[in-house]
Each structure stands twice: as structure tokens, then as C-alpha cells.
Amino acid sequence: MTGLALIDYGAGNLHSVHNALKAAGATDIRVTADPAIVAKADRIVLPGVGAFAHCMEALSVIEGMTAAMEQRVRFEATPFLGICVGMQLLADEGVEHGSTRGLGWIGGTVRAIAPAPDLKIPHMGWNDVVPRDGAPLIERGEAYFLHGYHFDAADAADVLATTDHGGTLVAAVGRGNIMGVQFHPEKSQAYGINFLKHFLEWMP
């Protein structure tokens, strides 16, 4: 096994996420674009910033990467965390800049946050995270968000936490060993570090 694989596909805030994972207690972090390392990792983290279509394309062009992720996460039940757009890529599709197929691990569509009077988009800054009863890893608190698109889940059972910005938005999704958060743990100070500690200890 090769510790924690932090996937480098040119679309994530790698330095900050790496530092936050270290602060949370991770000791063997591999920042990698090598599917062979991902295929043996004990835990996998997929960060992501920017547009859904760009991130999915960047991930897909790394030969063998999505196949290695699929095998390790979906068939071998390795704990997985997607952050921001890394969480959104779990969906069936995103509709930013046209329709783009996602990983399809958790049913749903990533859509633009609906505009409303006096509503600032993107949703940026600190906001409440409200976990569903019994949700793993997620605690009630405040985290840092930055997104103009949101995860519209097909099954409410996959929604682990919500926040409010002109209405209810998904803050976290999960199924089995797969977890995704819309907020940025690496920018969420003590709340974010505590969440990452829970992830590093998680045995789904």
C-alpha cells in the first residue's frame, strides 16, 4: 500500500490541501498523477477548482487514471474524498459549458445556483454546515465555500449535509466509502482540519 494519494490533474489547490492533510495528521501523502500509485493507495483525495468540464477533461486525459480510481474506490472500497469540484465530479453530469459526463458514482447533476434578488453568486465565504442525522464524518459548524454550481442529488439519501444560500444547497454527499464535500476543508481553519482528521481515521 502507498498511503494517501492526492491526485494531481492540474485542477486542484494541491499545496493548500497537502498542508491541511499534514496538519490533520497524514504522514504518507503522495501527490501523484500516476494511476499505479492510486491503484495501491490506502486513501484517495480528489481536489478540484474551476469549471466542471475542464476538471473532468483534465482527469480523463491521464491515461488509466479514471480506471484506477474506479477499481480502487468502487470495487475495492478504499476511502475516497472529493473536495469542491472534486466532489461535483462524482455526479452523473455537469451542465456548465454544455453537458459533460461525470464519474457517475453518486447520482445527480451539477447545476448553476439559481439567481435570486440580493443573492450573490458565486456562493463565497463562511456558511453553516448542517449534517443529516447519522451522517459520517460531518459535524455541525461553519466552513468556507466558493462555488457557483451545486450538486443536485438524484437520491436524498446520498445527501450527508446541507447549507443555505438562497435556499438549501448540498454541502456534502456520500455513499459507502465515497465522500464528497462542497466546502474547502483546507480553507476552513479548525473546522476543516477536524473534518480531515475524521477522514483519515474513517473505516467505512
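Relevant structure appears above.
What you see is a predicted model, and the numbers here were worked out from it, not measured in a lab. (Residues numbered from 1 in each chain as written. Predicted model: local features only at pLDDT ≥ 70, side-chain atom pairs only at ≥ 80, totals over all residues. Heavy atoms only, no water.)

Considerations on the pairing of strand β7 (residues 108-112)
Note that strand β5 (residues 93-94) and β7 share 2 bridges and pair parallel. Each bridged residue has a counterpart across the sheet, and for G94 the counterpart in β7 is V110. The pairing of β7 with strand β10 (residues 149-153) spans 5 bridges and is classified as antiparallel. The residue bridging T109 from the neighbouring strand is D152, located in β10. (Pairing = 2+ DSSP bridges. Helix = DSSP H or I, 4+ residues; strand = E, 2+ residues; numbered from the N terminus.)

Some thoughts on the packing of aromatic side chains
For the coordinates displayed, the defined rule picks out 6 aromatic pairs. Pairing F183 with Y191 gives two aromatic rings, centres 5.8 Å apart and planes at 65°, and the pair type is edge-to-face. Since its relative accessible area comes to 0%, F183 is described here as buried. Residue Y191 is classed as buried on the basis of its relative accessible area, which comes to 15%. Centroid distance F183 to F195: 5.6 Å. Interplanar angle 75°. Geometry classified as edge-to-face. Of this pair, F183 sits in the loop between β13 (178-181) and α6 (189-201) while F195 is found in helix α6, placing the two residues 12 residues apart along the sequence. Note on accessibility: F183 and F195 belong to one class, buried. (Phe/Tyr/Trp six-rings, centres within 6.5 Å; stacked < 30°, edge-to-face > 60°. Buried < 20%, exposed > 50% of the residue type's maximum accessible area, 1.4 Å probe, protein only.)

Some remarks on the sheet that holds strand β4 (residues 80-83)
Read across the open sheet, the 9 strands follow the order β2-β1-β3-β4-β13-β12-β11-β8-β9; overall the sheet is mixed. The sheet is open, and its two edges are formed by β2 (29-32) and β9 (141-147), each paired on a single side. This sheet shows a mean twist of 25° between the axes of neighbouring strands, independent of strand direction. Judged from the 4 bridges that link them, strand β12 (residues 168-175) and β13 form a sheet pairing that is antiparallel. (Axes fitted to C-alpha atoms, helices over the stretch in contact; angles between N-to-C directions.)

Some points on the sheet that holds β7
Ordered in space as β6-β5-β7-β10, the 4 strands form an open sheet in which the pairing is mixed. At either margin of the open sheet sits one strand with a lone partner, and together these are β6 (100-101) and β10.

A few points about the nonpolar core
Within the largest apolar cluster, 65 residues are counted, with the highest numbers of intra-cluster contacts made by Y9, M69, L89 and I138. For L89, the contacting residues outside a window of four places in its chain are Y9, L46, F52, C55, M56, L59, G102, L103 and G104. (Core = buried A, V, L, I, M, F, W, Y, C linked by side-chain atoms within 4.5 Å. Contact = heavy atoms within 4.5 Å.)

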